[in-house]
Amino acid sequence: MGEGDITTLYIVATPIGNMEDITLRAIRILKEVDYVLCEDTRTTQNLLNRYDIKTKTMSYHAHSTENKESVIINLLKNGKNLALVSDAGTPCISDPGVMLVDHVKKEFGDEVKVVPIPGPSALISALSASGVSSAEFIFLGFLPHKKGRETLFKEIAQSKRVIVFYESTHRILKTLASLIKYAPTFKIVIGRELTKQFEQFVEGTPAEILEYFTVNSDKQRGEFVVIVEPK
Ligand code: SAM
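Right, let's walk through the structure included here. What you are looking at is a predicted structure, and each value in this text was computed from that prediction instead of being measured.

Our focus in this paragraph is the environment of V115. Looking at the element boundaries, V115 is found in strand β5 (residues 113-117). For the pair V115 and A135, spaced 20 residues apart in sequence, the C-alpha to C-alpha distance is 26 Å. Residue contacts for V115: discarding those within four places in its chain leaves T8, L9, Y10, I11 and R25.

Bringing the state of the cysteines into the picture now. Scanning the model with the defined rule gives zero disulfides in all. A disulfide-free cysteine, C38 has its sulfur positioned 14 Å from the sulfur of C92, the nearest such atom. Judged by its relative accessible area of 0%, C38 falls in the buried class. C92 sits in the partly exposed class, given a relative accessible area of 23%.

Once that is clear, we can look at the packing of aromatic side chains. Given two aromatic rings, their pairing is described by the distance between the two centres and the angle made by the two planes. One pass over the structure, following the stated rule, counts five aromatic pairs. Centre to centre, the rings of F139 and Y166 are 5.1 Å apart; their planes meet at 75 degrees, and the pair counts as edge-to-face. You can see F139 sitting in strand β6 (residues 137-142) and its partner Y166 sitting in strand β7 (residues 162-168), a full 27 residues away along the chain. Residue classification places F139 among the partly exposed residues on the basis of a relative accessible area of 27%. Between F213 and F224, the aromatic rings sit 5.9 Å apart at their centres with planes inclined by 85 degrees, giving edge-to-face as the arrangement. Here the residue F213 occupies a position in helix α8 (residues 206-215), and F224 occupies one in strand β10 (residues 223-229), the gap between them amounting to 11 residues.

All right, on to helix α3 (residues 66-77) then. Between its terminal C-alpha atoms α3 stretches 16 Å, which fits the 16 Å expected from 12 residues at 1.5 Å a residue. Where α3 is concerned, the buried positions are E69, I72, I73, L75 and L76. Seen from one end, α3 has its buried residues packed into an arc of 155 degrees, which puts them on one side. Following α3 by one or two positions, G79 has its phi on the positive side, about 80 degrees.

The rules behind the values
- Residues numbered from 1 in each chain as written.
- Predicted model: local features only at pLDDT ≥ 70, side-chain atom pairs only at ≥ 80, totals over all residues.
- Heavy atoms only, no water.
- Helix = DSSP H or I, 4+ residues; strand = E, 2+ residues; numbered from the N terminus.
- Contact = heavy atoms within 4.5 Å.
- Disulfide = S-S within 2.5 Å.
- Buried < 20%, exposed > 50% of the residue type's maximum accessible area, 1.4 Å probe, protein only.
- Phe/Tyr/Trp six-rings, centres within 6.5 Å; stacked < 30°, edge-to-face > 60°.
- Expected span 1.5 Å × (residues − 1).
- Arc of directions from axis to C-beta.

Okay, here's the thing in structure tokens:
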């Protein structure tokens, strides 16, 4: 049984870089459940080894088949407690898991609990140390690569609210170029490689930041959270 007396699927947040960023409760739950469902079993195994967690892992990722989901549903039917983790941060936040959670809720109603085990998430970490007011913000996840991208930048330019989104190494310069085009006066704060060795916050107008990343091309690598404050 889970923490209570009902079979439980735990949604467990894991570190976004620094391996110490995991809660005591997350460690205990990962030890107690019957299986850990992982986006990438090798990545999660490193974390489990670090905390001496011996629980068996099973893969569950964006391309998992319906068959895989039925295996998971059957485990829950048999009273097995499960923990879902992603490679980093909070599962289901721009990460796989939403379909599974939805499926479990529809299949079991109140018979199986879905319980969040809170912890790191890149967007909250970035906002918390950005100096930008986060009383209200809009989170866009990853921006579309092609269709709808330009329209979205036009919407961002009209926004009165802070906007936060995730960006990769491959598109950070392209994104800054679009911000220069549509929202040149806005303040941008970029949280890069948060909690890792080369963690960095860069702030300025889109043009200032693009220049910084162009001059310091080594800083174009890594993981990015982009915060856009209307000005
Ligand atoms: N579920 C995760 C969370 O709760 O933060 C997000 C997963 S999403 C697939 C990965 C994206 O999150 C990266 O491309 C990057 O934009 C952002 N991200 C994850 N870790 C980060 C870090 N350490 N520093 C900055 N951004 C990060």
